[in-house]
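One letter stands for each residue in the lines below.
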Number of protein chains: 2
Amino acid sequence: MSETLPPGRIEAFAAIVGARNALTGAADIAPFSVEPRGLYCRPASLVLRPGSVAEVSAILKLASQTRTPIIPQGGNTGLVGGQVPATGGEIILSLSRLNAVRALDPVSNTMVAEAGVVLQAARDAADAADRLFPLALGSQGSCQIGGNLSSNAGGTQVLAYGNARELCLGLEVVLPTGEVLDDLRRLAKDNTGYDLKNLFVGAEGTLGIITAAVLKMFPKPKGKAVAWVGLKTPADALALFNRARAIAGGALTGFELMQRRALEFALAYMPELRDPLPDTWPWYVLIDISSGRSQEDARELAEIILAGGIEDGFAGNAAIAASLAQERAFWRLREDISEAQRPAGGSIKHDISVPVEAIPEFIERAAPVVESIVPGARVVCFGHMGDGNLHYNVSQPVGADKQAYLAKWGEMNHAIHGLVIEMHGSISAEHGIGQLKREELAQTAPPVALELMRRIKAAFDPAGIMNPGKVI
Amino acid sequence: MSETLPPGRIEAFAAIVGARNALTGAADIAPFSVEPRGLYCRPASLVLRPGSVAEVSAILKLASQTRTPIIPQGGNTGLVGGQVPATGGEIILSLSRLNAVRALDPVSNTMVAEAGVVLQAARDAADAADRLFPLALGSQGSCQIGGNLSSNAGGTQVLAYGNARELCLGLEVVLPTGEVLDDLRRLAKDNTGYDLKNLFVGAEGTLGIITAAVLKMFPKPKGKAVAWVGLKTPADALALFNRARAIAGGALTGFELMQRRALEFALAYMPELRDPLPDTWPWYVLIDISSGRSQEDARELAEIILAGGIEDGFAGNAAIAASLAQERAFWRLREDISEAQRPAGGSIKHDISVPVEAIPEFIERAAPVVESIVPGARVVCFGHMGDGNLHYNVSQPVGADKQAYLAKWGEMNHAIHGLVIEMHGSISAEHGIGQLKREELAQTAPPVALELMRRIKAAFDPAGIMNPGKVI
């Protein structure tokens, strides 16, 4: 259902950014139109790469006047199709050239980064000033700050530092009319009117385009301890989590859960890595501790937590990384699970959350649901247990036909999400709605909430040009 | 400019809640119409005390149909006139009878509290389950959860635990039409559409009425250390703060700054308390440390911070409280400064924030501004330094006429707020806008932001019945 722009429209937009930054050839446009999982591949009619906020503003002004749909795009790493065309024929506005760190202040622990700053570059800029920017994702080498904020990205450090939302103090946003909202505040406390920042964060580019943000930085930890723990059940993992949080508080910077099968997939995928424990357990957690005092203090905290857990019987066996290399190896076993599922064939994904204490119940109830839809399908359950967030993925049965299996995607999602809703959970804990879950959101969100979201959308984007066909 | 309701209107509203819960007599209404500072005293025409969400819904439905203005009110402790009539004749809807803790789950660390639960009662409920609900305010014995959320309350524990906004996971809200938004989610992560929760939090009852909330609880600290430090300058206090936060991280649960004059006022007001230090310093900070490990650990942390601060010369002298009684005494010296200003006569208040690193500059630049407006006026500067938030109050000159001094309130505010805006700060860090700062918000906020706020207001409350004359 691709639509084409009327004659002269492409030229009018291209004139704003100059011919070099207006891509019209099919081969040039292709990398911007296809997203990482290959679920959506409708071509854009044009890719614009503005080099300034003024150019972004001029593009949106013209788009509002001509009712031309605009898709903002960062690093194109989103997993729900939010950053690529929904109908075909839309204009993609790439933020990549707005990639300056405008300011960095280690005393106030703030950084003003433009939307196109790659996450790893933001992390590196903080690091160079002896600070930590804690947002950490698998795609951090290519995803961008604007996309991180628009999708309210999560990742592996949320437990102590929060989602992208909590890491942002203020925004600069170009509204659909082209007006610029300069709200780059750097204040910890500010009660002056409605909270506009949190509306744009997580709106997936449907209300305006974030062009810059004030980001929080933190003092770098003086010490780290990474532990790998084998356990019998998710209930034991929950008990260990509660113990760890009570003792370590904000020093508990990661608590990741993995099923044995996830570890096996990771070990098969990365033969250079070894199982951290000599014995076999059905479940594992990775515990990450950060201390502002010292390396010894971090290790002592980890030891207190693990000793208590083993004594009380809910931790089976445990290893604390003895070197930086071993810390990295433990983390790679966790981080590379996503990639490690590929050799096992088709994988149906879920990115769900439930209240943390309901994780064991969810895992127990979800297994028969999976089995009822595709007998023999292999659950690969892992995720950010401390946030109640599981990537509950399901690999095809051994030897099954990949395409036939993937054809079950919708049915599997529907069943698992039904359980999630029943348990008062979220069908998208950290990846957002985009195109992938738009219909499901409409079916599962409270009608009153949907109505309010529609009113907000109409109030902010009356011409309906911002990323149409996404979210609502 | 009091307005009266048309005949029969009072009876129609009263019928919803029953005669006992519809107050119409002037003496019954008076305590609801006057706020703590006595700045506003226009009478309401009626006070309704609904006993259920259904009754709140019926009231708002009728109000929308008849375009009758409604003011939601909690404990009536707000400091900006947000909870009392702006024109006179409005209906006050008191949430006090909706005071159930509907659920409390120590495993997930969540509590579902109705709007009328008194903050102290919420704290006590958490405490009884061996958990901490960390919101702590001077008015906690009478303020209520609904008001805390509607004004995004701050207080003394924001540094580690956040404002009311960060302590809330989900809401139940009655919209102006009477529809009920059930968004009582208990999830740490949920990226399913626009962030409605954060719109209602801090909206001061202008978009709908919060009737219940999911609140976060925390494990109780196992140990506490409270230190009192004398310093030469605010710049030294800033250096000490940065040191403390780097070492203690989330264990730094309070960092409060006080000028010597504030301590003197407090000591005069509470003769049973003593100056914690034998020598005199122009500035003081109170440091509050919480440990999840032990009392010894908290004390060790405090000692590390203070030893380093004294060695590097930015802490002058320091005392760590040796008993629970002494901890309380240190905190009372800080908490009772507000009350302790009364005997000194008229006091002109400011509740401002600037980026934390700009606190010393603000203090230096504000003093001559005060002196230029009222020579001899006595600055009483104190506040939540770690949040960049100062209560920059100014007592009248010794022997001056109180009323003549207070007549300078607007001029003094205008000048100090001008400096705050110039320094990219906030004219209301934690108290909100209400009636008191509505004009100033209109003059100082970016016009684009105001326009978006107006559109949100129109989208949520097209009949304009929710708390008119407040915020925008």
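Q: I keep staring at the overall build of chain A and nothing clicks. Help me out?
A: A tally of helices and strands in chain A yields 17 helices and 19 strands. At 23 Å, chain A has a C-alpha radius of gyration in line with the 23 Å of a compact globule built from 472 residues. With the C-alpha coordinates of chain A rotated into their principal frame, the extents come out at 70 × 55 × 45 Å. Taken over 472 residues, chain A has a buried fraction of 60%. Considering only contacts in chain A between residues 6 or more positions apart, those separated by 24 or more positions represent 74%. Carbon and sulfur atoms form 54% of the exposed surface of chain A, whose accessible area is close to 16600 Å².

Q: I would appreciate a short explanation of the pairing of strand β10 (residues 209–216) of chain A in the present structure.
A: All names here are of chain A. Of all eight residues in β10, seven are buried, a share of seventy percent or more. When strand β8 (residues 168–174) meets β10, the two strands line up antiparallel, connected through six bridges. By the bridge assignment for β10, V174 is matched with I209.

Q: Any chance you could explain the interface of chain A and chain B here in plain terms?
A: For interface size, the figure often reported is the accessible area lost on association. The interface of chain A with chain B comprises 76 residues on the first partner and 76 residues on the second. Between chain A and chain B the total buried area reaches about 6200 Å² when both faces are included, carbon and sulfur atoms providing 59% of it. The largest contributions to the chain A side of the interface with chain B come from A:K189, A:N191 and A:Y194, which together make up 17% of the buried area. For A:R186, the salt bridge is made with B:E357, and the minimal N-O distance between the two is 3.1 Å.

Q: Help me understand the environment of A:P276, please; the structure alone is not making it clear to me.
A: Residue and element names in this part refer to chain A. For P276, the location among the structural elements is in the loop between α9 (260–269) and β14 (283–291). Of the residues examined, P276 reaches a relative accessible area of 19% and is grouped as buried. Beyond its immediate stretch of four places on either side in the chain, P276 contacts W228, A319, F330 and L333.

Q: I keep staring at the pattern of salt bridges and nothing clicks. Help me out?
A: For side chains of opposite charge, pairing can occur when their charged atoms come near one another. Residue and element names in this part refer to chain A. Summed over the entire model, instances satisfying the criterion amount to 60 salt bridges over all chains. A salt bridge links R186 to D105; the shortest N-O distance between them is 3.6 Å. You can see R186 sitting in the loop between β9 (180–183) and α7 (197–200) and its partner D105 sitting in strand β5 (residues 101–105), a full 81 residues away along the chain. The class of R186 is partly exposed, set by a relative accessible area of 26%. By relative accessible area, D105 is classed as buried at 19%.

Q: When you look at the relation of the copies chain A and chain B in this model, what are you seeing that I'm missing?
A: The second copy of the chain is related to the first by a rotation about an axis and a shift along the axis. Mapping chain A onto chain B calls for a rotation angle of 180° and an axial translation of 0.0 Å; the resulting RMSD is 0.0 Å. This pairing of chains is accounted for by a two-fold axis. Closest to the rotation axis within chain A is the C-alpha of A:G250, separated from it by 2.4 Å. An overlap of 100% is found between the interface residues of chain A and their copies at the interface of chain B, pointing to a shared contact surface.

Q: What exactly am I supposed to notice about the environment of A:L452 here?
A: Topologically, A:L452 is positioned in helix α17 (residues 447–460). What A:L452 contacts, discounting residues up to four positions off in sequence, is B:L175, B:L181, B:L196, B:F200 and B:F460.

Q: What exactly am I supposed to notice about the sheet that holds strand β3 (residues 70–73) of chain A here?
A: Hydrogen bonding along the main chain pairs the strands of a sheet, whether they run parallel or antiparallel. Residue and element names in this part refer to chain A. Strand order in this open sheet of four strands is β1-β2-β4-β3, and the pairing throughout is mixed. The two strands at the open ends of the sheet, each matched to only one other strand, are β1 (22–23) and β3. Here two bridges tie β1 to strand β2 (residues 46–48), and the two strands are oriented antiparallel to one another. Within the sheet, the bridge partner assigned to L23 lies in β2 and is V47.

Q: When you look at empty space enclosed by the protein in this model, what are you seeing that I'm missing?
A: Take a probe with the size of a water molecule and roll it over the atoms, and the empty space left behind shows itself. All names here are of chain B. Evaluated as defined, the whole model comprises four cavities of 30 Å³ or more. Of the voids in this model, the second largest cavity is the one considered here, and its volume is about 40 Å³. As for the second largest cavity, its lining consists of T156, Q157, V158, L159, T253, G254, F255, E256, H384, M385, G386 and D387. Elements that contribute at least two residues to the lining of the second largest cavity include exactly α6 (158–161) and β13 (252–259). No other element matches β13, which puts four residues into the lining of the second largest cavity. Here the residues of the lining of the second largest cavity are counted per class, giving four nonpolar, six polar and two charged.

Q: Sorry, what's going on with unusual backbone geometry here?
A: A negative phi angle is the norm for most residues apart from glycine, just as the trans form is the norm for most peptide bonds. All names here are of chain A. Non-glycine residue D130 carries a positive phi angle of around 60°. For D130, the position within the fold is in the loop between α4 (119–128) and β7 (131–132). Residue D130 is classed as partly exposed on the basis of its relative accessible area of 46%. Positioned with a positive phi, N467 is a non-glycine residue whose angle comes to about 45°. Summarising the element assignment, N467 is placed in the segment after α17.

Q: Would you mind showing me how to read the sheet that holds strand β10 (residues 209–216) of chain B here?
A: All names here are of chain B. Sheet architecture is open: five strands sit in the order β5-β6-β10-β8-β9, paired in antiparallel fashion. Taken across any chain shown, the strands that pair with only one partner, and hence form the sheet edges, are β5 (101–105) and β9 (180–183). Neighbour to neighbour, the strand axes of the sheet diverge by 15° on average, direction disregarded. Two strands pair when backbone bridges link them, and β5 and strand β6 (residues 110–114) are joined in this way by four bridges, in the antiparallel orientation. Bridge pairing links V101 to A113 in β6. On top of the sheet, helix α3 (residues 53–66) reaches β5, β8 (168–174), β9 and β10; it is set at about 55° to β8, its chief contact.

Q: What exactly am I supposed to notice about the packing of aromatic side chains here?
A: Any aromatic ring pair is given by two values, namely how distant the centres are and how the planes are angled relative to each other. Following the criterion strictly, the structure yields 12 aromatic pairs over all chains and no others. Pairwise contacts between aromatic rings join A:W228, A:Y284 and A:F330 into one cluster.

Q: Teacher, can you tell me more about the pairing of strand β6 (residues 110–114) of chain A here?
A: As a general feature of sheets, a regular strand has side chains that alternate between the two faces. All names here are of chain A. Counting buried positions along β6 gives five out of five residues, so the element sits mostly inside the fold. Residues T110, V112 and E114 point to one face of β6 and M111 and A113 to the other, with burial holding for every one of them. Counted along the chain from β5 to the antiparallel partner β6, the turn is four residues long, and its residue N109 has a positive phi close to 55°.

Q: Please clarify how helix α11 (residues 324–335) of chain A should be interpreted in this entry.
A: Helical periodicity: at 3.6 residues per turn, an α-helix aligns residues three or four positions apart in one direction. All names here are of chain A. End to end, α11 covers 16 Å across 12 residues, agreeing with the expected 16 Å (1.5 Å per residue, within 8%). Of all the positions in α11, only E327, F330, W331, L333 and R334 are classed as buried. Each buried residue of α11 lies within a common arc of 150° when the element is viewed along its axis, so the set occupies one face. Relative to its buried face, α11 has exposed residues pointing more than 90 degrees away, namely L324 and A325.

How each quantity is defined
- Residues numbered from 1 in each chain as written.
- Chains lettered and ligands numbered in written order.
- Predicted model: local features only at pLDDT ≥ 70, side-chain atom pairs only at ≥ 80, totals over all residues.
- Heavy atoms only, no water.
- Helix = DSSP H or I, 4+ residues; strand = E, 2+ residues; numbered from the N terminus.
- Rg over C-alpha atoms; globule rule 2.2 N^0.38 Å.
- Buried < 20%, exposed > 50% of the residue type's maximum accessible area, 1.4 Å probe, protein only.
- Contact = heavy atoms within 4.5 Å.
- Areas by Shrake-Rupley, 256 points an atom, 1.4 Å probe, with all protein chains shown as cover.
- Pairing = 2+ DSSP bridges.
- Buried area = accessible area lost by both parts, 1.4 Å probe.
- Salt bridge = Lys/Arg side-chain N within 4 Å of Asp/Glu carboxyl O.
- Least-squares fit on C-alpha atoms with pLDDT ≥ 70 in both.
- 1 Å grid on protein atoms, 1.4 Å probe; cavity = no way out; pocket = protein on both sides within 12 Å on 5 of 7 lines; lining within 4 Å.
- Points joined across faces, edges and corners; volume = space filled by probe spheres on them.
- Nonpolar A, V, L, I, M, F, W, Y, C, P; charged D, E, K, R; others polar.
- Axes fitted to C-alpha atoms, helices over the stretch in contact; angles between N-to-C directions.
- Phe/Tyr/Trp six-rings, centres within 6.5 Å; stacked < 30°, edge-to-face > 60°.
- Expected span 1.5 Å × (residues − 1).
- Arc of directions from axis to C-beta.

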